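# Breakdown of the fold
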Amino acid sequence: MARLHALELVPDDAGSASVVEDWRALRDAGLPSQLDHRGTTNAPHLTVVAAPLLPQEAVDVARVRLGGLLPTPARIAGLLVLGEERVSLAWSVDVGDDVHRRVLAVRAQAPDRHPQGWLPHVTLARRLPREDLPRALAALVERAGPGRELVLAGLRRWDPECEKVEHVLL
């Protein structure tokens with residue numbers, strides 16, 4: 001599978017640190033975690049759009065449409081389990097209607113986007129064996145309190161061809 005270009009909403013420092021603690025809780029339980037991802041660009045984020053090529057129009061629309069609302073509050077809504085034998089575990093993130101509409105406007109600029117819909121989330125672990133889900137849930141249960149907030153504070157662009165992250169909005 002080709003590496004995808006991406007635009008990503010990033011939480012503020014406190015929100016990033018909070019998610020990294022979730023990653024650490026999984027690792028401390030002996031489970032796969034995004035903390036194991038050694039890439040220099042690995043950081044908590046919500047992917048706005050990912051595509052084989054990201055037209056400059058998408059970046060321009062993101063700058064205009066998202067720039068005026070950042071920073072903006074978001075809320076951890078619950079856990080998502082995606083996949084079959086090996087799963088990805090993620091926090092579902094509730095964002096405001098205005099954020100959702102603006103993200104969809106950005107996504108419309110990338111016709112080959114993947115996937116077609118938008119499910120705001122922060123990935124916690126990939127390739128987790130399904131039989132380890134009870135242990136993963138136990139590791140995260142105390143951290144999953146209702147209404148946990150994140151402040152989405154910036155937008156970054158990932159270019160896999162150059163292996164470079166550019167902060168579009170801070």
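Going by the structure above, here's the rest.
An account of the accompanying structure is given in this report. Just so we're clear, the structure is a prediction, and the values are computed from it rather than from any experiment. (Residues numbered from 1 in each chain as written. Predicted model: local features only at pLDDT ≥ 70, side-chain atom pairs only at ≥ 80, totals over all residues. Heavy atoms only, no water.)

## A closer look at the overall build of the chain
What the chain contains, in helices and strands, is four helices and seven strands. For the chain, the succession of helices and strands along the chain, N to C, is β-α-β-α-β-β-α-β-α-β-β. A compact globule built from 170 residues would reach a C-alpha radius of gyration of about 15 Å, and the chain, at 16 Å, matches this within 12%. Taken over the C-alpha atoms alone, the chain extends approximately 45 × 35 × 25 Å along its principal axes. In the chain, buried positions account for 44% of the 170 residues. (Helix = DSSP H or I, 4+ residues; strand = E, 2+ residues; numbered from the N terminus. Rg over C-alpha atoms; globule rule 2.2 N^0.38 Å. Buried < 20%, exposed > 50% of the residue type's maximum accessible area, 1.4 Å probe, protein only.)

## Comments concerning the pairing of strand β4 (residues 86–94)
The sheet contact formed by strand β3 (residues 72–83) and β4 spans eight bridges and is antiparallel. Along β4, the bridge assignment pairs Gly83 with Val87. In this sheet, strand β5 (residues 121–129) lies alongside β4 in antiparallel orientation, the contact comprising six bridges. What sits directly across from Ala90, in β5, is Thr123. (Pairing = 2+ DSSP bridges.)

## What about the layout of surface pockets?
By volume, the largest pocket amounts to about 1,400 Å³. Taken together, 42 residues form the lining of the largest pocket, with Glu8, His45, Thr47, Thr123 and Arg126 sitting closest to its centre. Broken down by secondary-structure element, the contributors of at least two residues to the lining of the largest pocket are β1 (5–11), β2 (46–51), β4, β5 and β6 (149–159). For the lining of the largest pocket, the leading source of residues is β5, giving six residues. Here the lining of the largest pocket is built from residues that sort into 20 nonpolar, 14 polar and eight charged. (1 Å grid on protein atoms, 1.4 Å probe; cavity = no way out; pocket = protein on both sides within 12 Å on 5 of 7 lines; lining within 4 Å. Points joined across faces, edges and corners; volume = space filled by probe spheres on them. Nonpolar A, V, L, I, M, F, W, Y, C, P; charged D, E, K, R; others polar.)

## Some remarks on the packing of helix α1 (residues 13–28) against helix α4 (residues 133–140)
Viewed as axis vectors pointing N to C, α1 and α4 meet at an angle of 135°, and their least axial separation amounts to 9 Å. Classed by the angle they form, the pair α1 and α4 counts as oblique. For the crossing formed where α1 meets α4, the hand is right-handed. Residue-level contacts link Asp22, Ala25 and Leu26 of α1 to Ala136, Ala139 and Leu140 of α4. A class-by-class count of the residues in the contact of α1 with α4 yields five nonpolar, no polar and one charged. (Axes fitted to C-alpha atoms, helices over the stretch in contact; angles between N-to-C directions. Parallel < 35°, antiparallel > 145°, perpendicular 65-115°, else oblique. Left-handed = near helix turned anticlockwise from the far one by under 90°. Contact = heavy atoms within 4.5 Å.)

## Points about the nonpolar core
Counting residues in hydrophobic clusters, the biggest one holds 42 residues, and the most contacted among them are Leu7, Leu9, Val48, Leu66, Leu89 and Leu155. Dropping the residues within four chain positions of it, Leu66 is found in contact with Leu9, Val48, Val61, Arg102, Val103, Val106, Leu155 and Leu169. (Core = buried A, V, L, I, M, F, W, Y, C linked by side-chain atoms within 4.5 Å.)

## A short note on α4
Listed as buried for α4 are Leu133, Ala136 and Leu140. The buried residues of α4 occupy an angular sector of 60° when projected down its axis, which confines them to one face. In α4, the exposed positions angled more than 90 degrees off the buried face are occupied by Pro134 and Ala138. In the core, the buried residues of α4 are packed alongside α1, β3, β4 and β5. (Arc of directions from axis to C-beta.)

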